[in-house]
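Per-entry structural report
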Amino acid sequence: MIGTRLRTLLASPGVTLAVAVVLGWLAIAVIWPLLVPYGPTAQQLGGRYAPPSAEHWLGTDNLGRDVLSRILAGSRSVLIVGLASTTLGVAVGTTLGLVAGFYRGRVDELLMRSLDLLMAFPIIVIASVILAMLGPSRLNLVLVIALMLAPYNARVVRSAVLSWRDRDFVAAARLRGESGAYILFRELLPNIMGTVNVEFTMRLALSIFAVATLSFLGFGIQPPTPDWGLMVSEGRPFYQIAPWVVVAPAAAIASLVVAINVVAQRLRAS
Amino acid sequence: MARSADSGLLRYFLRRLAVMLGLLVLVSVLIFAMVEILPGDVGNLILGQYATAENVDLVRQQLGLDRPLAVRYLDWMGGFLTGDWGDSWRLGTPLAPLIGRRLYNSVVLAGVAFAFVIPVSITAGIVSALRRDRLTDRVINGISVVSITIPEFVSSMFLILFFSLLLPWFPSSAMVPEDAGPLTTLRYLALPVIAISPVLIGYIARTVRASMITELGADYTRTAYLKGLDPRTVITKHVLRNALLPAITVIANQIAWLVGGLVVIEAVFNYPGIGQLLLQAALVQDVPMLEAIVLILAAILMLSNLAADLLYTMLNPRVRAQATGGAT
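Reading the values: rules and limits
- Numbering of residues begins from 1 in every chain and follows the order in which that chain's sequence is written.
- Throughout, the order in which chains and ligands are written sets their labels, letters from A for the former and numbers from 1 for the latter.
- Local features in a predicted model are, by the rule used here, given only for residues with pLDDT of at least 70; side-chain atom pairs are given and counted only at 80 or more, and totals for whole chains, interfaces and linings are based on all residues.
- With hydrogens and water excluded, all non-hydrogen atoms of the structure serve as input to the side-chain values.
- Under the DSSP-based scheme used, a helix requires at least four consecutive residues in state H or I and a strand at least two consecutive residues in state E, with every element numbered from the N terminus.
- When a residue's accessible area, from a 1.4 Å probe over protein chains only, is under 20% of the maximum for its type it is buried; when over 50% it is exposed; and in between it is partly exposed.
- Contacts are assigned to residue pairs with any non-hydrogen atoms lying within 4.5 Å of each other.
- Only the protein chains shown count as cover for residues, and the accessible areas themselves come from Shrake-Rupley with a 1.4 Å probe.
- Counting rule applied: Lys, Arg positive; Asp, Glu negative; His and chain ends not counted.
- Where a charge lies is defined by one atom per residue type: Lys uses NZ, Arg uses CZ, Asp uses CG and Glu uses CD.
- Put simply, a salt bridge is a Lys or Arg side-chain nitrogen that is within 4 Å of an Asp or Glu carboxyl oxygen.
- For this analysis, a polar contact is any N or O atom pair within 3.5 Å, provided that within protein one partner can donate a hydrogen and the other can accept it, and provided that sequence-adjacent residues contribute only side-chain to side-chain pairs.
- Only Asp, Glu, Lys and Arg are considered charged in this grouping, and only Ala, Val, Leu, Ile, Met, Phe, Trp, Tyr, Cys and Pro are considered nonpolar; every other residue, Gly among them, is considered polar.
- Aromatic rings from Phe, Tyr and Trp, taking only the six-membered ring of Trp, are treated as a pair when their centres fall within 6.5 Å; an angle between ring planes under 30 degrees marks them as stacked, one over 60 as edge-to-face, and anything in between as tilted.
- All axes are obtained by fitting lines to C-alpha atoms, using only the stretch in contact for helices, and the reported angles, taken between N-to-C directions, cover 0 to 180 degrees.
- Working rule for handedness: look at the near helix, and if it is turned counterclockwise from the far one by less than a right angle, call the crossing left-handed; if clockwise, right-handed.
- Known as pLDDT, the predictor's confidence for each residue is given on a scale from 0 to 100.
- To estimate how far a helix should extend, the number of its residues minus one is multiplied by 1.5 Å.
- Note that the bend at a residue is defined as the angle between axes fitted to the seven residues ending at it and the seven residues starting at it.

**With respect to the overall build of chain B**
Across its full length, chain B holds 14 helices and zero strands. Starting at the N terminus and walking to the C terminus, you meet the elements of chain B as α-α-α-α-α-α-α-α-α-α-α-α-α-α. Classification of the 328 residues of chain B by burial places 46% in the buried group. A fraction of 71% describes how many contacts in chain B between residues 6 or more apart in sequence connect residues 24 or more apart. For chain B, the exposed area adds up to about 16700 Å²; of that, 65% sits on carbon and sulfur atoms. The average position of the 24 basic charges and that of the 21 acidic charges among the side chains of chain B differ by 18 Å.

Printed below as a string of structure tokens:
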């Protein structure tokens, strides 16, 4: 199954490129300490606002820090927070979706209506209010984004469960006297794993979107940690004299979210 | 018969309105509880970390924070309904006029955005449905997939770099001067509107495309063609009428996205709207202002969804019959 998946993914050059970009950023996030020419927080006050050159491929920022090193190092925080929040959000959402879709009735009604309420709000608005009160930290960021992703995921999983819950094998498991948890996770979940995987990829793109935006707004990763969203907001006041400080992280974010989304669209279509 | 259908529709509308008001009360409790329960002591927030315990207590008393939670909630809600929204902790000024002014600015920006987005996205959806799977369709689809995913602050920065720094066509800040005429105002709002549009255009265009394709394959469309009607008439008089209905719901759903996008766009372009005010309130933890803004936004979102549902019900005979219990 993985084999056919991979083959559909690599069928078109655009999707192959997208897969390469995602894997490339993942690899960089792991091994960046071996790649960076300079320390990502090392300041050289003599060399501020240096344009791209042979020594500094992407130039330096207002504190003389090497932009390329910060970009490479910044891939880690965005991917860690993105992957952690997506994993948590999809785990919670899938569980809620399984429960709602399998038990139906009042449980379903109550769960779905509360999730509707949560989804009626713009993600960024709730996230900034909660983070403003909790204080920005990596853990809070993960929790808030997971909370925002779970309802969307729950809704999709629920409708996938609906087409499986009345099958004979579920009835058989019930008659055998299996517990509800067993039926949910051992009988139903394996059948909807395809949906869950596609969901994970789509939510990952959304989650990275949210991490970058919240960091840009000042509610996410805090300085001096190298982070793409933060780099755009730090570079913004002097974009006129040093546009590269803004262009590089903006392009990095765009490349990652677009690539993940292309992969997700492809997975969904197959 | 028409009369009974109308009264059925009215009853449906009133029922929905009642549900909405109930939900809004629930949301207000949630907002209040969320902001009040989350950590951070108010006295210290206002006076700073090194304030003495007596001074902190004094501030809490002045703000009435020593009263029970339920009393404070009722007081807050009562004030809200009578137009007294309380004072900002940071600015010390009444909230209602400030929020009203900022809300007005945001509505102007959102209005211009919608005036741009709706015709563009509907045209794009129609064109890509009619040229299905051909190059135009693929290009439109590609653009919408890509543009949906890029965070607004990223596309805004690129817009500023291209159309403000490289080509000095538009101002990089949307702070419209006081005495600006409509044309100057539009020039200031151009970049924010272009930055916020792609996501909205992408979603609406894809919905229109999908429903156009369904309607183009429907039996009545074939009948109309076989009757020998001019293809243009078939499209405009038959297909479009049905295909545009789902767009209403999507457009209403996009209002939530639009509000979220406005928060970011207003921050990037220094636009004095309600989104920027929300961010400022959140960054300095101005609790009364946060509560008021979030409640107002919730009310606006719910009202716009209700309005869209109502419009959809009125325009669609099938749903109308269902909603009014088959009164037609």
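Okay, back to it.
**Description of the overall build of chain A**
Of the regular secondary structure elements, chain A holds 10 helices and zero strands. Counting over 270 residues, chain A shows a buried share of 52%. Expressed as a percentage of contacts within chain A between residues at least 6 apart in sequence, the contacts between residues at least 24 apart total 72%. Of the roughly 11600 Å² of accessible surface on chain A, a fraction of 66% belongs to carbon and sulfur atoms.

**Description of the interface of chain B and chain A**
It is common to give the size of an interface as the accessible area lost on bringing the parts into contact. Across the boundary between the two partners, chain B contributes 46 residues, which contact 36 residues of chain A. Linking chain B with chain A are zero salt bridges, by the criterion used here. At the surface where chain B touches chain A, the tally comes to three residue pairs in polar contact (both at pLDDT 80 or more). Those elements that provide at least two residues to the side of chain B that touches chain A are α1 (2–37), α6 (135–149), α7 (152–166), α11 (245–268), α12 (274–283) and α13 (287–315) of chain B. If one sorts the elements of the side of chain B that touches chain A by residue count, α7(B) sits on top with nine residues. Class assignment for the residues of the side of chain B that touches chain A results in 38 nonpolar, six polar and two charged.

**What to know about the side chain of A:Gln265**
By the element assignment, A:Gln265 lies in helix α10 (residues 244–269). Non-local contacts of A:Gln265, meaning those with residues more than four positions away in its chain, are made with B:Val145 and B:Arg206.

**Notes on the packing of aromatic side chains**
Residue and element names in this part refer to chain A. Considering all chains together, one arrives at 12 aromatic pairs over all chains under this definition. Measuring from ring centre to ring centre gives 5.1 Å for Tyr-49 and Phe-238, while their planes differ by 70°; the resulting arrangement is edge-to-face. Note that Tyr-49 is positioned in the loop between α2 (13–35) and α3 (67–103) and Phe-238 in the loop between α9 (228–235) and α10, a separation of 189 residues in sequence. A relative accessible area of 26% means that Tyr-49 is categorised as partly exposed. Taking relative accessible area as the criterion, Phe-238 reaches 10% and is therefore assigned buried.

**Section: α12(B)**
In terms of residue burial, α12(B) counts as a mostly covered element, since eight of its 10 residues are buried. For α12(B), every residue scored as buried is listed here: B:Ile274, B:Gly275, B:Gln276, B:Leu277, B:Leu278, B:Leu279, B:Ala281 and B:Ala282. Buried residues along α12(B) sit in contact with α5 (123–134) and α8 (180–217) of chain A together with α5 (95–130), α11 and α13 of chain B. Residue B:Gln285 follows α12(B) closely and has a positive phi angle near 55°.

**Regarding the pattern of salt bridges**
Residue and element names in this part refer to chain A. Per the stated rule, a full pass over the model turns up 15 salt bridges over all chains. Residue Asp-166 pairs with Arg-165 through a salt bridge whose shortest N-O separation is 3.4 Å. The shortest N-O distance in the salt bridge between Glu-199 and Arg-203 comes to 3.0 Å. Within this pair, Glu-199 and its partner Arg-203 are both found in helix α8, separated by four residues, close to a single helical turn. Among the charged side chains, a salt-bridge network with shared partners connects Asp-61, Arg-65, Arg-70 and Glu-234.

**Section: the packing of α5(B) against helix α8 (residues 182–216) of chain B**
Any two packed helices are characterised by how steeply their axes cross, that is the angle between the axes, and by the distance between the axes. Running from N to C, α5(B) and α8(B) point in directions that differ by 35°, and their axes come no closer than 5 Å. Considering the relative orientation of α5(B) and α8(B), their crossing is right-handed.

**Overview of unusual backbone geometry**
The peptide bond linking A:Pro223 to A:Pro224 adopts the cis configuration, its omega dihedral lying at 5°. With a phi angle near 55°, B:Asn270 is a residue other than glycine that sits in the positive phi range. Considering the arrangement of structural elements, one finds B:Asn270 in the loop between α11 and α12.

**A few points about the confidence of the model for chain A**
Residues of chain A with pLDDT of at least 70 account for 97%, and the chain-wide mean is 88. When mean pLDDT is compared element by element in chain A, α3(A) scores highest at 94, while helix α1 (residues 2–9) of chain A scores lowest at 66.

**A closer look at α2(A)**
Taking 1.5 Å per residue, 23 residues should reach 33 Å; α2(A) reaches only 27 Å between its end C-alpha atoms and comes up short. At A:Ala29, α2(A) is deflected by roughly 60°, the largest bend along its length, and proline A:Pro33 occurs up to four residues later in sequence.

**Regarding the environment of B:Leu191**
Residues and elements named next belong to chain B. Within the fold, Leu-191 resides in helix α8. A relative accessible area of 0% places Leu-191 in the buried class. Through-space distance from the C-alpha of Leu-191 to that of Leu-159 is 6.8 Å; in sequence the pair is 32 residues apart. When neighbours within four sequence positions are excluded, Leu-191 is seen to be in contact with Leu-159, Ile-160, Phe-163, Ser-164, Phe-170, Pro-171 and Phe-269.

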